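# Coordinate analysis (summary)
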Amino acid sequence: MKIDRAVIVAAGRGTRFLPVTRSIPKEMLPLVNKPLIQYAVEEVVESGIGRVVIVTAPGKQSLAGYFSPSPELESFLKEKGKVELLGEVQRLGRLADIRYVIQEEPLGLGHAVLTACDAVGGEPFALLLPDDIIDSRVPVLGQMMDVFDRYQTNIMAVERISQEETGKYGIINPREVSHHLYQVLGLVEKPEPREAASRLGVVGRYILMPAVFDAIAATSPGTGGEVQLTDALGLLLAKQDIYALEFEGVRYDTGTPQGWLEAQLSFALKNPELGRALRQYMERLLQI
Ligand code: UTP
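All values reported here derive from a predicted model rather than from experimental measurement.

## Concerning the environment of proline 272
Here proline 272 shows up in the loop between helix H10 (257-270) and helix H11 (275-286). On a C-alpha basis, the gap between proline 272 and glycine 170 in space is 36 Å, while along the polypeptide they are 102 residues apart.

Here you go:
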């Protein structure tokens, strides 16, 4: 089995980013000069996957508009001789074969994934949460696909977190298989630190077998009336193996202002055009 399609979920309310998310979808917030969703699509493409399903919500039209061709802008840039920008804009329209499905109400991550069931069509698929931005040498999805090639079953990405943070993550009960690779024996959403089976927290990258859709359909709504993916994966575990990869890379939770700002600074400092001047400005600002 090969992975040839990816689902990117982008239908949430983004309440932690209010008030800006009243009119700008969280996934369209910029990281330097590209919206978050573009990093997710690029990670998919760089991992060798050409078909993308974006789960979006009513009122988030700017998401779909962003990847569609823009003949007017293109002829403007052509006229002005802005060749590089023209190339960048044209590349966006050709990046991947992107389809959109609408989640009418934000009933949870599990529900959002279920909305993509028909578009995925009975094949294993990759799932990305675009507010988890991961800076890595090899795209994290690519790292996970290598594991999938070996095990041909569900794979999730995990990160070692501090003991105090277990209440913010899905936490796995791991059995180490090899360096940074674990078989998942159990899965608990947001346990108290003293009840957590490990410090390995689940982050927003998965490779899932189509059986996950039945598991989601059989999952009752949990906290806040939302259908949680973690609960569905707990059910799936009774039928199929799940492996967890402690990936190589640095993750930013750009779904919160703090995480978004940290990502902004790290990406900008590494940017060849902005980095030097920004560092000097920050040194002045902090009087280092
Ligand atoms: P989050 O819980 O981080 O996003 O979901 P949110 O619900 O938009 O944010 P807050 O909690 O209100 O601040 C992770 C990802 O899952 C998507 C979100 O768009 C985000 O990319 N999601 C979440 C959906 O697509 N549908 C949902 O019902 C819930």
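## A few points about the packing of aromatic side chains
The tally for this structure, following the rule as stated, stands at 6 aromatic pairs. Ring centres 5.8 Å apart and planes at 85° place the aromatic pair phenylalanine 17 and tryptophan 260 in the edge-to-face group. Of this pair, phenylalanine 17 sits in the loop between strand E1 (5-9) and strand E2 (30-31) while tryptophan 260 sits in helix H10, and the two are 243 residues apart along the sequence. Grouping residues by exposure puts phenylalanine 17 and tryptophan 260 together as buried. Ring pairing ties together the aromatic residues Tyr39, Tyr252 and Phe267, which thus form one cluster. The ring centre of tyrosine 39 lies 4.6 Å from the NZ or CZ of lysine 34, which sits over that ring.

## What to know about a nonpolar patch on the surface
Residues Tyr281, Leu285 and Leu286 make up a contiguous nonpolar surface patch of about 330 Å² in total accessible area. The residue leucine 285 is located in helix H11 in this model.

## So, the site of the ligand
The environment of the ligand is made up of 19 residues, and the closest members are Gly12, Thr15, Arg16, Gln103 and Gly108. Within the side chain of aspartate 131, an N or O atom sits 3.1 Å from an oxygen atom of the ligand. In isolation the ligand exposes 560 Å². Once the protein is present, 85% of that is buried. Its atoms largely coinciding with the cavity grid, the ligand occupies the largest pocket.

## Examining the pattern of salt bridges
Per the stated rule, a full pass over the model turns up 16 salt bridges. One salt bridge in this structure joins lysine 190 and glutamate 189, with 2.9 Å as the shortest N-O distance. We classify glutamate 189 as partly exposed; its relative accessible area is 26%. Residues joined in a network through salt bridges with shared partners are Lys34, Glu42, Glu88 and Arg91.

## Here we look at unusual backbone geometry
Across the junction of leucine 18 and proline 19, the peptide omega takes the value 10°, indicating a cis bond. Within the secondary structure, proline 19 is located in the loop between E1 and E2. You will see that valine 32, though not glycine, has its phi angle at about 55°, which is positive. Look at valine 32 and you get partly exposed, because its relative accessible area is 24%.

## Concerning the environment of leucine 77
Its location among the elements puts leucine 77 in helix H3 (residues 71-79). With near-sequence residues (within four places) excluded, leucine 77 lies in contact with Lys82, Leu85, Leu86 and Val89.

## Here we look at the packing of H3 against helix H4 (residues 83-94)
Close contact between H3 and H4 brings their axes to 9 Å; oriented N to C, the two are set at 160°. Between H3 and H4, the angle is such that the two are roughly antiparallel. Crossing handedness for the pair H3 and H4: left-handed. Contacts between H3 and H4 pair Leu73, Glu74, Leu77 and Lys78 from the former with Leu85, Leu86, Val89 and Gln90 from the latter. Considered class by class, the residues forming the contact of H3 with H4 number 5 nonpolar, 1 polar and 2 charged.

## Quick notes on helix H9 (residues 229-236)
Looking at H9, one finds that the buried residues are Leu229, Thr230, Ala232, Leu233 and Leu236. Looking down the long axis of H9, one finds its buried residues gathered within 160° of arc, a one-sided arrangement.

## Remarks on the layout of surface pockets
In this structure, the largest pocket spans a volume of roughly 1300 Å³. Arg16, Leu109, Leu129, Asp131 and Lys190 are the residues nearest the centre of the largest pocket, which is lined by 43 residues in total. Elements with a minimum of two residues in the lining of the largest pocket: helix H5 (109-115), strand E8 (154-160), strand E10 (181-189), strand E11 (200-208), H9 and strand E13 (250-253). If you tally residues by element for the lining of the largest pocket, the top one is E11, at 4 residues. For the lining of the largest pocket, the class distribution of residues is 17 nonpolar, 11 polar and 15 charged. Looking at the second largest pocket, its volume works out to about 500 Å³. Contributions of two or more residues to the lining of the second largest pocket are made by helix H1 (36-46), H4 and H10.

The rules behind these values
- Residue numbering note: each chain is counted from 1, following its sequence as written.
- Restriction of local features to residues with pLDDT of at least 70 applies here, the model being predicted, together with a cutoff of 80 or more for giving and counting side-chain atom pairs; totals for whole chains, interfaces and linings are based on all residues.
- Side-chain measures were taken over the full set of non-hydrogen atoms in the model, leaving aside hydrogen atoms and water.
- Comment: elements are numbered from the N terminus, with helices defined as DSSP H or I runs of at least four residues and strands as E runs of at least two.
- Between 30 and 60 degrees the pair is tilted, below 30 it is stacked and above 60 it is edge-to-face, where a pair is any two Phe, Tyr or Trp rings, Trp via its six-membered ring, whose centres lie within 6.5 Å.
- Burial status follows relative accessibility: with a 1.4 Å probe on protein chains alone, a residue under 20% of its type maximum counts as buried, one over 50% as exposed, and anything between as partly exposed.
- Sitting over a ring, as applied to charges here, requires NZ of Lys or CZ of Arg to be within 6 Å of the ring centre and within 35 degrees of the ring normal.
- For patches, a residue must show more than 30% relative accessible area and have no salt bridge; joins then use 9 Å for like charges and 5 Å for nonpolar side chains, namely Val, Leu, Ile, Met, Phe, Trp and Tyr.
- Per-residue and other accessible areas were derived by the Shrake-Rupley procedure at a 1.4 Å probe size, with only the shown protein chains allowed to occlude residues.
- Definition used for salt bridges: Asp or Glu carboxyl oxygen within 4 Å of a side-chain nitrogen of Lys or Arg.
- Throughout, the term near means that a residue has one or more heavy atoms lying within 4 Å of the molecule or strand in question.
- Under this definition, polar contacts are N or O atom pairs within 3.5 Å; protein pairs additionally need one hydrogen-donor-capable and one acceptor-capable atom, and for neighbouring residues in sequence, both atoms have to be side-chain atoms.
- The pocket and cavity definitions rest on a 1 Å grid over protein atoms only: a 1.4 Å probe that fits but cannot leave marks a cavity, an open set with protein on both sides within 12 Å along at least five of seven lines marks a pocket, and residues lining either have an atom within 4 Å of a point.
- Assignment to a cavity or pocket requires that more than half of a molecule's atoms be within 2 Å of the site's grid points.
- By definition, residues are in contact when any of their heavy atoms lie within 4.5 Å.
- Note on geometry: axes are lines fitted to C-alpha atoms, helical ones only across the stretch in contact, with angles between N-to-C directions running from 0 to 180 degrees.
- Roughly parallel covers angles under 35 degrees, roughly antiparallel covers those over 145, roughly perpendicular covers 65 to 115, and oblique covers all other angles.
- For any helix crossing, the convention is left-handed if the near helix is rotated counterclockwise from the far helix by under a right angle, and right-handed if that rotation is clockwise.
- Residues are grouped as follows: Ala, Val, Leu, Ile, Met, Phe, Trp, Tyr, Cys and Pro are nonpolar; Asp, Glu, Lys and Arg are charged; all remaining types, including Gly, are polar.
- Think of the arc as the fan of directions from the helix axis to the C-beta atoms.
- Grid points are joined across faces, edges and corners, and a volume is the space filled by probe spheres set on the points.

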